[in-house]
Structures are given as structure tokens and as C-alpha cells.
Amino acid sequence: MTDMIPAWVQGVLTPVEKISVHQQGLKHKAVSVFVLDGERVLIQRRAAGKYHSAGLWANSCCTHPDWGEKSVDCAVRRLREELGITGLYPAFADRIEYRADVGEGMIEHEVVDIFLAYASPEMTVKPNPDEVSDVRWVNIYDLAAEVARHPEHYTKWLEIYLSHHMDRIFGATLGR
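Residues numbered from 1 in each chain as written. Predicted model: local features only at pLDDT ≥ 70, side-chain atom pairs only at ≥ 80, totals over all residues. Heavy atoms only, no water.

(A) Main features of the packing of aromatic side chains. Within the structure shown, the criterion is met by 4 aromatic pairs. Ring geometry for F34 against Y161: centres 6.0 Å apart, planes inclined by 65°, an arrangement best described as edge-to-face. Of this pair, F34 sits in strand β3 (residues 27-37) while Y161 sits in helix α4 (residues 156-164); the two residues are 127 residues apart in sequence, bridging distant segments of the chain. Judged by its relative accessible area of 0%, Y161 falls in the buried class. When the ring of F34 is compared with that of F170, the centres are 5.0 Å apart and the planes differ by 80°; the resulting orientation is edge-to-face. Here the residue F34 occupies a position in strand β3, and F170 occupies one in helix α5 (residues 166-170), the gap between them amounting to 136 residues. Pair check on accessibility: F34 and F170 agree, each one buried. Through a chain of ring-to-ring contacts, the aromatic side chains of F34, Y98, Y161 and F170 assemble into a single cluster. Against the face of W57 rests R136, its NZ or CZ located 4.8 Å from the ring centre. (Phe/Tyr/Trp six-rings, centres within 6.5 Å; stacked < 30°, edge-to-face > 60°. Helix = DSSP H or I, 4+ residues; strand = E, 2+ residues; numbered from the N terminus. Buried < 20%, exposed > 50% of the residue type's maximum accessible area, 1.4 Å probe, protein only. Lys NZ or Arg CZ within 6 Å of the ring centre and 35° of its normal.)

(B) Up close: the environment of H153. Position of H153 relative to the elements: it lies in the loop between α3 (140-149) and α4. Look at H153 and you get partly exposed, because its relative accessible area is 38%. If sequence neighbours within four positions are ignored, H153 has contacts with L56 and W57. (Contact = heavy atoms within 4.5 Å.)

(C) Expanded view of the pattern of salt bridges. Considering all chains together, one arrives at 11 salt bridges under this definition. Two residues, K50 and E131, come together in a salt bridge whose shortest N-O distance is 2.5 Å. Of this pair, K50 sits in the loop between β4 (40-46) and β5 (57-58) while E131 is found in the loop between β8 (106-118) and β9 (132-139), placing the two residues 81 residues apart along the sequence. The residue R149 makes a salt bridge to E146 at a minimum N-O spacing of 3.1 Å. On the criterion of helical spacing, the pair formed by R149 and E146 is a turn pair, its members being 3 residues apart in helix α3. Here E146 falls in the partly exposed class, since its relative accessible area comes to 22%. When salt bridges that share partners are traced, they join K50, D66, E69, R77, R78, E81, E82 and E131 into one network. (Salt bridge = Lys/Arg side-chain N within 4 Å of Asp/Glu carboxyl O.)

Shown next as C-alpha cells:
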């Protein structure tokens, strides 16, 4: 089955093959989730087999919604598919648009619904090795500083979120 994602083609929302969307740099919908435990955030290292940004650290999970899928349902689905996390209820935090060269001839031009999910004490994380090669918890402020010092270890979108939109995304949650 071909991955199709909603993209804007000449001003009309249309299903387009995922690789083609990124090769052409078409604007499309996306979802990003940050799982939080106080000031700690769960980050993942993308699996080596990912078609772009492989091996780089990213936020807890991110993806493109299926055609007609609600963003919050997509967030819940990808928490389960990428990290094996169930029982969390992501809360909408913000919508951010960005355009970035992610290498391998791919451009992301995304309109991203960003969600925050709060870890429960009994939560288990079981990464899907096809999606995720490693996970770790890190203080959000330490992460922002590390991304600024060594952006080559992180995805472009995580760099954009933390360098340009941190207060918009986390301000109310972290008391900023």
C-alpha cells in the first residue's frame, strides 16, 4: 500500500504519495507529540531505515495523518505504533508551519498540530524497531541547549520547535 498524505496542491487539499510530497516540498499536514513528565521530555532516535532524518533524535513521535484522520486520533495512533504507548490522551498545544530541507533531496513544508501528553507512572515504552532505534528522557531546557550546540544530532523540526517556538509549545505547561 502506498502512503498517501493530505497536501496542498495549487490551493486544494489532495492525497499525495508521502515521498512525492517531500521531494516536491509540498505543504502538508503533520502531527508532533511531546510526552512529558514534569520538565522531562521523552525523545526518540529515528531508526536507520527511515527515508529521511534517519538516526537523528526527534521529539517523542511525529507523523502525517491519514486522509480524513483527526490530528488527535493520529497522535494517539502514532504513540502506540512508534513507542508502544497506550492510555495517554494528548492535548493540543499549538499549530506551527515550517519549511526545511531534511536532506536526501527532501523538503518538509508542514502545517503541524503539536500535542503534549503527560506520562503516567505505570506507562511503559516499547519502541517499534522499524521506527525508533532508541529513546531517552531529558530535561526540556537541557535538550534545547543541546540542540542549539549540536543541531546535527537532531531533526530539523525539533531544532525549529525548540529554537523558535518553545514558549508557544511549552510555556503554559512549564510555567513560563
